[in-house]
Amino acid sequence: MVLVSAVRDYINRMLQDISGMKVLLLDSYTVSVVSVAYSQSELLQKEVFLVELIGSKSKESMSHLKAVFFLRPTTENIQYLRRQLASPRFAEYHLFFSNILNDTQIHILADSDEQEVVKQVQEFYADFVAIDPYHFTLNVQSNHIYMLPVVMDPSSLQNYCDCVVDGIAAVFLALKRRPVIRYQRTSDVAKRIAQETANLMYQKETGLFDFRRAEISPLLLVVDRRDDPITPLLNQWTYQAMVHELIGIQDNKVDLRSIGKISKDQQEVVLSSEQDVFFKSNMYENFGDLGMNIKRMVDEFQQVAKSNQNIQTIEDMAKFVDNYPEYRKMQGNVSKHVTMVTEMSKIVEERKLMLVSQTEQDLACNGGQVATFEAVTNFLNDESVSDIDCLRLVMLYALRFEKENPLQIMQLFNKLSSRSSKYKPGLVQFLLKQAGVDKRTGDLYGNRDLLNIARNMARGLKGIENVYTQHQPLLFQTMENLTKGRLRDVDYPFVGNHFQQGRPQDVVIFVVGGTTYEEARAVALQNATNSGIRFILGGSVVLNSKRFLKDLEEAQRIVRSSTNAI
Amino acid sequence: MATRNRTPLFRKHRDALKNVRVPTISSSSHSSSGSSVGMAIELPNNSILHSNRSYVPLSTEDPGSSRGAATVGLPPAWVDVSEEITENMQRARTKMAELVKAHAKALMPSFGDGKEDQRMIEDLTQEITDLLKRSEKKLMKLSASGPSKDSNVRKNVQRSLATDLQSLSMELRKKQSAYLKRLRQQKEGQDGVDLEMNLNDKFKPKVEDDDFMDMGFNEHQMAKVKKNEAFTVEREREIAQVVESVNELAQIMKDLSVLVIDQGTIVDRIDYNIQNVAATVEEGYKQLQKAERTQRKGGMVMCATVLVIMCFIMLVLLILKEIFL
């Protein structure tokens, strides 16, 4: 509840003190921030009768309304406000910024406010998209930049880092804490972000971050996506992750228009754990259990529908009218989930994902080299398996047996490129170069030291409950190590001289390059165990395999074009 | 949940700049705009019947007018309508509180016949239903057409008021049906008691004196039965009345449900609404362009054809004139 309720509190405080009719003006980023946490009907209750994107070309003067701006303090937004203030459209201007304003920006605004319409200027640190109670994303544009070396494009990398640092700072300001910061040793970008964050929190804005708390400070751990490249490459079998992998979730919204004909009110649906009780209890369930639960829900609904059908007395009628809104809500919900699951099972059927996923899981977890090689070759020969699945299988194989058997990997490359023309040559090699065994810090396959090997073997002996969900993201291990205080200082060093005293109670893990819903699930399950540490997961975007491959391609394209130029 | 208020700093900068700017702009304009703003702030506090919900016009004087612009910031007429509705609803709310008290009183056992209570309840219910119905009619008037931002605001105001109205009528209905239920229970209980009494009355004569056995009820009993009947009829009428008003409210609910947003659906998403607005505005613009094009094209073509035809006719006339004259 932490992140979502923090954003909700900010919005409440923004709106409650201003009486009368209001207009809320948002920029393209704060729209996401507000809409995942707040709903239109709640806004109406707060007498916000119009929500506008800034930059839309409306000139209508509405002097009977008060304007509430909630914007990021970017240069464009400040310029926009300057033009607005020069010829005001609204009666009053209440300016809220989602992050730290610098002095010159305030000066510019003050300079343009000749008619004194600005009533207040505030910083409300809701600068992150809180999609779940313990999962936030920053929706950074051009997310591929983190893979590029610094020299390639210094200015956009700087932008990227600024964006991420601002987001992290806002999260900690919303939590009212100043963390100690650790980062993953082998990643340059993680190190840079960690250091810039520390610089902001301990030097530039030290007054703002000084909350005078005696408790143990929380921990911020900055890790790199490339430390665990397998999680975003796997097919997912738990509800939320699966929807994102197969259809795509954007700010808790699912767009179903792309897949076939669907009735008009179901083209776009909301999947929010805050508003949808069924989704909340099933978002981490695997596909089989989900089917059972949906069946139960449909049965329940049928019962209700039946009881609504026999209306005989006036009392029945009155009862029906009383229950009607509830009934309609239930109906919408049932049809939403049924549509989604039907669509997903269709896709699973079409792409033979059951089979593909089994091999994927084998590659990620057990790794019998001979058997998996055979399986991957078979899939490559099979025309009905889609190209993207083949590419992912080869990538997984290459990551697993990078050092053991380069020859076989070469064979697979050739097969892959002969199979489809769309495959950009060298993408797998690029992935190996980016996220190969030499670049990684964490023990991704659990085969580096004896303890991990032993643990793996023990798990193998115990047997696996579900073949499709046996993979545990590396993050799970990291969290376990953190809880036991075993995360090694050499691999995850501290920034500056702010060391951890005792066990932290709050840990924010930020994944540069994006999180996955599988990891969000691991975090949520970990938090449910009441280990005394509360984990919050954040990333620059929320990845699925499509998005991850797109980022890879984009980065590869830039690297290649720049090396050609040299 | 940390926040930082930058208003003082902003004010400082602004005041500093104002002092610099004073020589160029006449200082009177500043003071006048300042005072109008001050008025606008005070206005909502004293002129409203209801404190939590106020749709009072903010300021009748636009700060821009001091610069000589012609625009006066009077709110559009629909603001008054929305105000009336909120006022009505507020009245309905206070009436509701009275109604609850009256219900409680009517249900209490008393020695009088409770006629006054009944009448009061009837009157109150009637009044509230009236108020709600009137509000609903006004609400329908609020709707506007056209893709402009103002109509959007109106739609949203309408929605919000509809949600309020719905919850209000829902509350009223719940109260009424609860009252109805208790009333029925009481009635049943009373009938039961009466029946027993009658039976007892009947029994007693049987035992005491057999002579009266076939005479049925005695006069005293008859009077009692009659009184009971009258009472029952009265109660029946009351129940019918309450049912009627319940039905009326159901109608209102039905009309409102079109306007009210279901929570948790895509319609309730802020970004969806923004996109929708943008899309409709764009669509409207496109349609307008298309219409303009076709209109212009149609008019031009028509004009040209008419002219050509006229030319021909004139030419023929000219030739004919040349030949025959």
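Scoring rules and cut-offs
Residues numbered from 1 in each chain as written. Chains lettered and ligands numbered in written order. Predicted model: local features only at pLDDT ≥ 70, side-chain atom pairs only at ≥ 80, totals over all residues. Heavy atoms only, no water. UniProt positions renumbered as here; feature names shortened; annotations may be inferred. Phe/Tyr/Trp six-rings, centres within 6.5 Å; stacked < 30°, edge-to-face > 60°. Buried < 20%, exposed > 50% of the residue type's maximum accessible area, 1.4 Å probe, protein only. Helix = DSSP H or I, 4+ residues; strand = E, 2+ residues; numbered from the N terminus. Salt bridge = Lys/Arg side-chain N within 4 Å of Asp/Glu carboxyl O. Pairing = 2+ DSSP bridges. Axes fitted to C-alpha atoms, helices over the stretch in contact; angles between N-to-C directions. Contact = heavy atoms within 4.5 Å. Parallel < 35°, antiparallel > 145°, perpendicular 65-115°, else oblique. Left-handed = near helix turned anticlockwise from the far one by under 90°. Nonpolar A, V, L, I, M, F, W, Y, C, P; charged D, E, K, R; others polar. Expected span 1.5 Å × (residues − 1).

For chain B, the name recorded in an unreviewed UniProt entry is Syntaxin-41-like, with Nelumbo nucifera as its organism. Per its UniProt entry, chain B bears the Subcellular location (unreviewed entry) comment "Golgi apparatus, trans-Golgi network membrane". If you open the UniProt record of chain B and go to Sequence similarities (unreviewed entry), you find "Belongs to the syntaxin family."

Looking up chain A in an unreviewed UniProt entry gives the name Vacuolar protein sorting-associated protein 45 homolog, with the organism given as Nelumbo nucifera. The UniProt entry for chain A carries this comment under Sequence similarities (unreviewed entry): "Belongs to the STXBP/unc-18/SEC1 family." You can read under Subcellular location (unreviewed entry) in the UniProt record for chain A the words "Endomembrane system".

Participant: Is there a simple way to think about the packing of aromatic side chains in this case?
Facilitator: Geometry of an aromatic ring pair is reported as the spacing of the ring centres plus the angle between the planes. Residues and elements named next belong to chain A. Within the structure shown, the criterion is met by 13 aromatic pairs over all chains. Judged by centre distance (5.9 Å) and plane angle (65 degrees), the rings of F128 and F136 are edge-to-face. Here the two residues F128 and F136 agree in accessibility, since each one is buried. When the ring of F373 is compared with that of Y397, the centres are 5.8 Å apart and the planes differ by 50 degrees; the resulting orientation is tilted. In this pair, F373 sits in helix α13 (residues 369-381) while Y397 sits in helix α14 (residues 387-400), placing the two residues 24 residues apart along the sequence.

Participant: How should the pattern of salt bridges be read in this particular structure?
Facilitator: Should the charged atoms of two oppositely charged side chains come close, the side chains can pair. For the coordinates displayed, the defined rule picks out 38 salt bridges over all chains. Of the charged contacts, one joins B:R4 and A:E123 as a salt bridge, the two residues approaching to 2.9 Å between their closest N and O atoms. One end of the pair, B:R4, is in strand β1 (residues 3-5); the other, A:E123, is in strand β5 (residues 118-124), on a second chain. Exposure remark for A:E123: the relative accessible area of 0% places this residue in the buried category. For A:E268, the salt bridge goes to A:R257, with nearest N and O atoms at 3.6 Å.

Participant: Would you mind showing me how to read the sheet that holds strand β9 (residues 219-224) of chain A here?
Facilitator: Strand pairing in a sheet relies on backbone hydrogen bonds. The paired strands run either parallel or antiparallel. All names here are of chain A. Read from one edge of the open sheet, six strands run β6-β7-β14-β13-β9-β8, paired in mixed fashion. The two strands at the open ends of the sheet, each matched to only one other strand, are β6 (129-132) and β8 (180-183). Pairwise comparison of adjacent strand axes, ignoring direction, gives a mean angle of 25 degrees for this sheet. As judged from the three bridges shared by strand β7 (residues 135-137) and strand β14 (residues 534-539), these two strands associate in the parallel manner. Its bridge partner lying in β14, H135 is registered against L537. Across the sheet, helix α2 (residues 28-37) lies against β6 and β7, angled at about 35 degrees from β6, the strand it touches most.

Participant: Hey, could you run me through the packing of helix α4 (residues 75-86) of chain A against helix α5 (residues 103-112) of chain A in this one?
Facilitator: Axes are the key here: two packed helices are described by the angle between their axes and the distance separating the axes. All names here are of chain A. Two elements in contact, α4 and α5, have axes whose closest approach is 8 Å; the angle formed by their N-to-C orientations is 15 degrees. Taken together, the axes of α4 and α5 are roughly parallel relative to one another. The two elements α4 and α5 meet at a crossing, and its hand is right-handed. Contacts between α4 and α5 involve I78, L81, R82, L85 and A86 on the former and, on the latter, Q105, I108, L109 and S112. Taken together, the residues that form the contact of α4 with α5 break down as six nonpolar, two polar and one charged.

Participant: How should the sheet that holds strand β10 (residues 249-250) of chain A be read in this particular structure?
Facilitator: Residues and elements named next belong to chain A. Overall, antiparallel pairing links the three strands, which are arranged β10-β11-β12 in an open sheet. Strand pairing shows two members of the sheet lacking a second neighbour, β10 and β12 (268-270), which therefore form its edges. Pairing geometry for strand β11 (residues 253-255) and β12, over three bridges, is antiparallel. Note on β12: the bridge partner recorded for V254 is V269.

Participant: Looking at this structure, I do not really get helix α18 (residues 474-483) of chain A. What am I missing?
Facilitator: In an α-helix, one turn spans 3.6 residues, which is why side chains three or four residues apart end up on the same side. All names here are of chain A. Of all ten residues in α18, eight are buried, a share of seventy percent or more. When we look at burial in α18, the residues that qualify are L474, L475, Q477, T478, M479, N481, L482 and T483. Of the residues flanking the end of α18, it is G485, one or two places downstream, whose phi is positive at about 70 degrees.

Participant: Could you clarify how one ought to interpret the packing of helix α1 (residues 2-16) of chain A against helix α6 (residues 154-175) of chain A in this entry?
Facilitator: Residue and element names in this part refer to chain A. In contact at an axis separation of 10 Å, α1 and α6 are set at 80 degrees when each is read in the N-to-C sense. Our classification of the angle between α1 and α6 gives roughly perpendicular. Facing V2, L3, A6 and Y10 of α1, the residues of α6 in contact are V171, L173, A174 and L175. When its residues are assigned to classes, the contact of α1 with α6 shows eight nonpolar, no polar and no charged.

Participant: Explanation requested: α14(A) in the structure shown.
Facilitator: Residues and elements named next belong to chain A. Between its terminal C-alpha atoms α14 stretches 20 Å, which fits the 20 Å expected from 14 residues at 1.5 Å a residue. The buried count for α14 comes to twelve of 14 residues, which makes it a mostly enclosed element. Restricting attention to buried positions, one finds in α14 the residues D389, C390, L391, R392, L393, V394, M395, L396, Y397, A398, L399 and R400. If you follow the buried residues of α14, they end up packed against α8 (239-246), α12 (353-365), α13, α15 (406-419), α16 (427-435) and α20 (545-565).

Participant: Could you clarify how one ought to interpret the pairing of strand β1 (residues 22-26) of chain A in this entry?
Facilitator: A regular strand places its side chains on the two faces of the sheet in alternate fashion. All names here are of chain A. Burial analysis of β1 places five of its five residues in the buried class, which makes it a mostly covered element. Side chains K22, L24 and L26 project from β1 onto one buried face, and the interleaved V23 and L25 project onto a second face that is buried too. With five bridges connecting them, β1 and strand β3 (residues 62-71) associate as parallel partners. Note that in β3 the partner of L26 across the bridge is F70.

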